[in-house]
Amino acid sequence: MNPIVMAWRNLLRNRRRSLVTLLSIAFGIAALALFAGYTQTIYTGLANLSIHGEMIGHLTVNKRGWRTEGKLHPARYLLTPAEIAKVDAIVRKRLPQGHVLPRMGLDGMISNGRNSTIFIAEGIDPAALQLILGPLSGVHRNIVADKPNGVSVGEALASVLGLKRGGEASLLVGTIHGQANAADVEVNDVINTGNTATNDKFLLVPLQLTRSLKDVGEQAEWLTVLINTPAKAGGQLDKGMLAMLTTPAPDEATTLALRDRLLADFQAAGLDLEVRTWQDMSLYYKQVKNMYDLIFTLLLGIVLAIVVLSIANAMSMSVLERTREIGTLRAMGYRRVRVVGLFIAEACLQVVLGCLLGLLLFWLTSHAVNGANIQYVPPGNSVSVPLYIDFDPARTVFAMLLLGTLSIVAAWMPARKASGQQITLSLAHS
């Protein structure tokens, strides 16, 4: 008789034990798949938050040494219009759908006429801002071309100074030559940066106003490179946040390969530049990813231990209760390998059915959670995000294969021992 058919009949004969083992496998796989899917969503969300929310972009280009010496000798490390044009031409040749966005930082004092406090700002062109925000474009952070002195103010900073949309404030900054410069600005928008560390000091300023305040002409401190034109979410925050959690970002292998190619192109063009990937720029992403990788490994170990012990216990009891059956099969001419194979076939059937049931439980649970539109505020955030569970095929399949291998070993050990016993002793077992 086919060993699979025999294994299936044996599982049906021991329905209660088989059902308990099957459910332990199913719930274990479902738990691992749910956590893997959730962490996959976290990774995707953190990546897009770095690229679009923090406006890092996919790649950052600056003059070599700017990060260490740029504050001491700012004029020496600015990118000239000619250099910006060269970089743009090289990037567009390498990335026809890419974009090069000039950027410039700004810091100083902001005043409402009575009180003052420090601010940090980023100068960016209004059109470039909508590009880099991607899924979050059109939601807030409005700086517009027809208001050259219009700025967006962080929500907590606006609260400290009592600033509202349509209000006015004054900025006091230092130029790259060490002189003081000031400008009156209009508050276009009050924005939530999504990060408690920046919400009380952040400004978005039009690039031309930033250049004027710093007295740098048409130069830039760094260039943000977008690999392609990001998808937009229609200006709705909920849809934008969901897109951030579900749209895959370029992985490290992709950005590193592109960085190396661009560095070679820049060197060939006589440009001494540095190129950093978004992974290099976002330490927070790496730290959180490492933490969740560790948690998943621990969870995988715990679930595997529970499920494998359950299978080992079920198989040990099955072997013990069927000792006379094993002796009968051996007396009928079944070789040890065939007897052991019968028990392994039973374990394989349980694992396959348990994994399929686990995937069904995962699918039902994930759809229920995703459809419930549950919102929560992650650590360090100041806005809520939807609880969304994606599917991580790589880690789910890895967990299933590892579980299957360990289950086969758990079935093989007691079956091998029982099948090696003398036939007369097996037949006399009671």
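In what follows, the structure referred to is the one given above.
Quick caveat: nothing in here was measured; it's all calculated off a predicted structure.

Caption draft 1: Region of the structure containing the pairing of strand S9 (residues 273-277). By the criterion of burial, S9 is predominantly enclosed, with five of the five residues buried. Neither face of S9 is left uncovered, since the one carrying Leu273, Val275 and Thr277 and the one carrying Glu274 and Arg276 both have all their residues buried. Inspection of the sheet shows strand S1 (residues 59-63) paired to S9 by five bridges, in the antiparallel sense. Residue Lys63 lies in a different strand from S9, and its bridge partner there is Leu273.

Caption draft 2: Quick look at unusual backbone geometry. For Met55, which is not glycine, the phi dihedral falls at a positive 60°. Taking relative accessible area as the criterion, Met55 reaches 4% and is therefore assigned buried. Although it is not a glycine, Asp215 sits at a positive phi angle of roughly 60°. With respect to the element layout, Asp215 can be found in the loop between helix H7 (207-214) and strand S8 (222-226). Residue classification places Asp215 among the partly exposed positions, given a relative accessible area of 42%.

Caption draft 3: Here's a closer look at the nonpolar core. Core analysis: the largest hydrophobic core is formed by 28 residues, its most contacted members being Ile25, Tyr292 and Leu403. Ignoring any residue separated from it by four or fewer positions in sequence, one finds Leu403 in contact with Ile25, Ile29, Leu304, Val307 and Val308. One finds Val151, Ala183, Val190 and Leu203 within the second-largest nonpolar core, a separate group that totals 21 residues.

Caption draft 4: Broad picture of the environment of Ala121. Examined against the element boundaries, Ala121 turns out to sit in strand S3 (residues 116-124). Considered as a pair, Ala121 and Val151 are 30 residues apart in the sequence and their alpha carbons are 9.7 Å apart. Setting aside residues up to four positions removed in sequence, Ala121 forms contacts with Met104, Gly105, Leu106, Leu203 and Val205.

Caption draft 5: Looking closely at the environment of His367. Looking at where His367 falls in the secondary structure, it is placed in helix H13 (residues 336-371). For His367, a relative accessible area of 46% gives the class partly exposed. Spatially, the C-alpha atoms of His367 and Tyr388 are 9.1 Å apart, while their sequence positions differ by 21 residues. Within polar-contact distance, the side chain of His367 engages the backbone oxygen of Trp363 at 3.0 Å.

Caption draft 6: Geometry of the packing of aromatic side chains. Following the criterion strictly, the structure yields six aromatic pairs and no others. The interplanar angle of 70° and the centroid separation of 6.4 Å between the aromatic rings of Tyr38 and Tyr292 together place this pair among those described as edge-to-face. Placement of Tyr38 in helix H2 (residues 15-53) and of Tyr292 in helix H11 (residues 283-321) is noted, with a sequence separation of 254 residues between them. Comparing Tyr38 with Tyr292, the two get one shared label, buried. Taking 5.5 Å as the distance between ring centres and 45° as the angle between the ring planes, the aromatic pair formed by Phe362 and Phe391 counts as tilted. Within this pair, whereas Phe362 is found in helix H13, its partner Phe391 is found in the loop between strand S11 (385-386) and helix H14 (393-419), the two being separated by 29 residues in sequence. Given the relative accessible area of 6%, Phe362 is considered buried. Accessibility expressed as a relative area gives 37% for Phe391, which makes it partly exposed. The structure contains a cluster of three or more aromatic residues connected by ring pairs, namely Phe35, Tyr38, Tyr292 and Phe296.

Rules behind the numbers
Residues numbered from 1 in each chain as written. Predicted model: local features only at pLDDT ≥ 70, side-chain atom pairs only at ≥ 80, totals over all residues. Heavy atoms only, no water. Buried < 20%, exposed > 50% of the residue type's maximum accessible area, 1.4 Å probe, protein only. Helix = DSSP H or I, 4+ residues; strand = E, 2+ residues; numbered from the N terminus. Pairing = 2+ DSSP bridges. Core = buried A, V, L, I, M, F, W, Y, C linked by side-chain atoms within 4.5 Å. Contact = heavy atoms within 4.5 Å. Polar contact = N/O pair within 3.5 Å; in protein donor to acceptor, adjacent residues only side chain to side chain. Phe/Tyr/Trp six-rings, centres within 6.5 Å; stacked < 30°, edge-to-face > 60°.

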